[in-house]
Amino acid sequence: MMYQALAKYYDALVKDEEATKAWVDLIHQHVKQGKIMEVACGSGEITIALAKMGYQVFASDLSKDMVEMAKQKEDSHLVSWNVMDMRTFEDSNVYDGILCLCDSFNYLLKDEEVISFFKQAYEHLVDNGTFIVDMHSMNRLIEFEEEYHEAGKVLQREYQWTIQTVDDCIYQNFMFYDEDGRNVLEQHVQRVYEPSWIQAQLENIGFEVNIVTDFIYEGICEGEKQFYICKKVKQ
C-alpha cells in the first residue's frame, strides 16, 4: 500500500507553503464559496487552508495513514475527514466544488479509471459546480528519462528517493532506514496522460473545460503541471 511508510515523512520532504497558497488562490478564483470535496487530500495542507477561508470542506484519501496525519494538524477539526478511494467515489452528497490536486490524479493508471472518475465528479457536482484537477504535464516524462536521485536525513532517519520514467509512467521509490540500518521500501507509480485526450474525456462527459499550465499560463504549454478547471454547465 502506498503512503504508509511515506505518510510520516511526507510533509518534511515536500511541504511548500508558497505552493499551497498558489493552489488556494486558484481554487478561490473559480469556487467562490460553498461545500467542497477534496479527494486524495494527502496530508491536508490545502484542505485545512480552504476550511480556514470559510469553505465547508469534506476531504478523503485512500491512505488511512495520510488521513491520520492530517487529523493531527492545527485546525483539522474544521474539516470532515474520510478514508475513500477516488476510483469508486462512494459518497451520496453533491458539492459546489470537487478537487483533485498535487498530481494525485496520476495514480489512476487505466483509461477506464480516468473516465469513471470524471463521471463520478460530474455526477457529484451541483449545476454550475466546478471540478478542478491537476496532473503532470508530458514534460515530466522527459525530465525523468534520466534517473533522479536524492539522499539525506528526514526526521532523524536516513532516506533515498529516486524518480525515473518508464514508458508513459513515472516510478518513484522511497527507502527509509531505521536506527539499526533496516530499510522500508515504498514504490509509487503515476501515469502521465496526453492533455488533448484528457480534455476530450472531460468534454465528452459534459464539462466546459479551461486549462492552465503551472498556475498562470493559459492553455497547454511547456511546464510541469496542467490544471483543468471544469464547469458542470446547467442543462
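Draft legend 1. View of the packing of aromatic side chains. Evaluated as defined, the whole model comprises 16 aromatic pairs. Ring centres 6.1 Å apart and planes at 40° place the aromatic pair Phe117 and Phe118 in the tilted group. Both residues of the pair, Phe117 and Phe118, belong to the buried class. Ring centres of Tyr122 and Phe207 lie 5.0 Å apart, and the angle between their planes is 85°; on these two criteria the pair is classed as edge-to-face.

Draft legend 2. Broad picture of the state of the cysteines. Taken as a whole and assessed by the stated rule, the structure comprises zero disulfides. Free cysteine Cys41: the closest other cysteine sulfur is in Cys102, separated by 10 Å. Exposure remark for Cys41: the relative accessible area of 6% places this residue in the buried category. Of all cysteine sulfurs, the one in Cys100 lies closest to Cys169, which takes part in no disulfide; the gap is 16 Å. Its relative accessible area of 11% is what places Cys169 among the buried residues.

Draft legend 3. Expanded view of the pattern of salt bridges. Within this structure, the stated rule accounts for 16 salt bridges. Close ionic contact of Asp134 with Lys225 constitutes a salt bridge, the shortest N to O distance being 3.8 Å. Here Asp134 is found in strand S5 (residues 125–136), whereas its partner Lys225 is found in strand S12 (residues 225–232), with 91 residues between them in sequence. Residue Asp134 shares its accessibility class with Lys225, and that shared class is buried. Ionic pairing is found between Glu158 and Lys153, a salt bridge with its closest N-O pair at 3.8 Å. Here the salt bridges share partners, and the residues they tie into one network are Asp11, Lys15, Glu45 and Lys73.

Draft legend 4. Representation of the pairing of strand S9 (residues 183–191) within the structure. The sheet contact formed by strand S8 (residues 169–177) and S9 spans nine bridges and is antiparallel. Across the sheet, the residue bridging to Asn173 is Gln187, located in S9.

Draft legend 5. Representation of the environment of Ala59 within the structure. Secondary-structure assignment places Ala59 in strand S2 (residues 56–61). Note on Ala59: relative accessible area 1%, which makes it buried. Once the C-alpha coordinates of Ala59 and Tyr9 are considered, the two residues, 50 residues apart in sequence, prove to be 20 Å apart.

Draft legend 6. Region of the structure containing the sheet that holds S8. On the basis of which strands lie adjacent, the open sheet formed by four strands has the order S6-S7-S8-S9 and antiparallel pairing. Taken across any chain shown, the strands that pair with only one partner, and hence form the sheet edges, are strand S6 (148–154) and S9. Each neighbouring strand pair of the sheet contributes to a mean axis angle of 15°, computed without reference to strand direction. Direction of pairing for strand S7 (residues 157–166) relative to S8: antiparallel, over a ladder of eight bridges. Bridge assignment links Ile163 to a residue of S8, and that residue is Gln172.

Draft legend 7. Structural context of the sheet that holds strand S3 (residues 79–83). Reading across from one edge, S3-S2-S1-S4-S5-S12-S10-S11 is the order of the eight strands in this open sheet, with mixed pairing throughout. Two strands lie at the open edges of the sheet, namely S3 and strand S11 (217–218), each paired on one side alone. In the sheet, strand S1 (residues 35–39) pairs with S2 via four bridges, with the strands oriented parallel. Of the residues in S2, the one forming a bridge with Lys35 is Gln56. Most of the contacts of helix H2 (residues 17–30) go to S12, to which it runs at about 20°, and overall it touches strand S4 (95–100), S5 and S12. Running at roughly 145° to S5, helix H5 (residues 111–123) makes contact with S1, S4, S5, strand S10 (207–213) and S12 of the sheet.

Cut-off values and rules
- Residues numbered from 1 in each chain as written.
- Predicted model: local features only at pLDDT ≥ 70, side-chain atom pairs only at ≥ 80, totals over all residues.
- Heavy atoms only, no water.
- Phe/Tyr/Trp six-rings, centres within 6.5 Å; stacked < 30°, edge-to-face > 60°.
- Buried < 20%, exposed > 50% of the residue type's maximum accessible area, 1.4 Å probe, protein only.
- Disulfide = S-S within 2.5 Å.
- Salt bridge = Lys/Arg side-chain N within 4 Å of Asp/Glu carboxyl O.
- Helix = DSSP H or I, 4+ residues; strand = E, 2+ residues; numbered from the N terminus.
- Pairing = 2+ DSSP bridges.
- Axes fitted to C-alpha atoms, helices over the stretch in contact; angles between N-to-C directions.
- Contact = heavy atoms within 4.5 Å.

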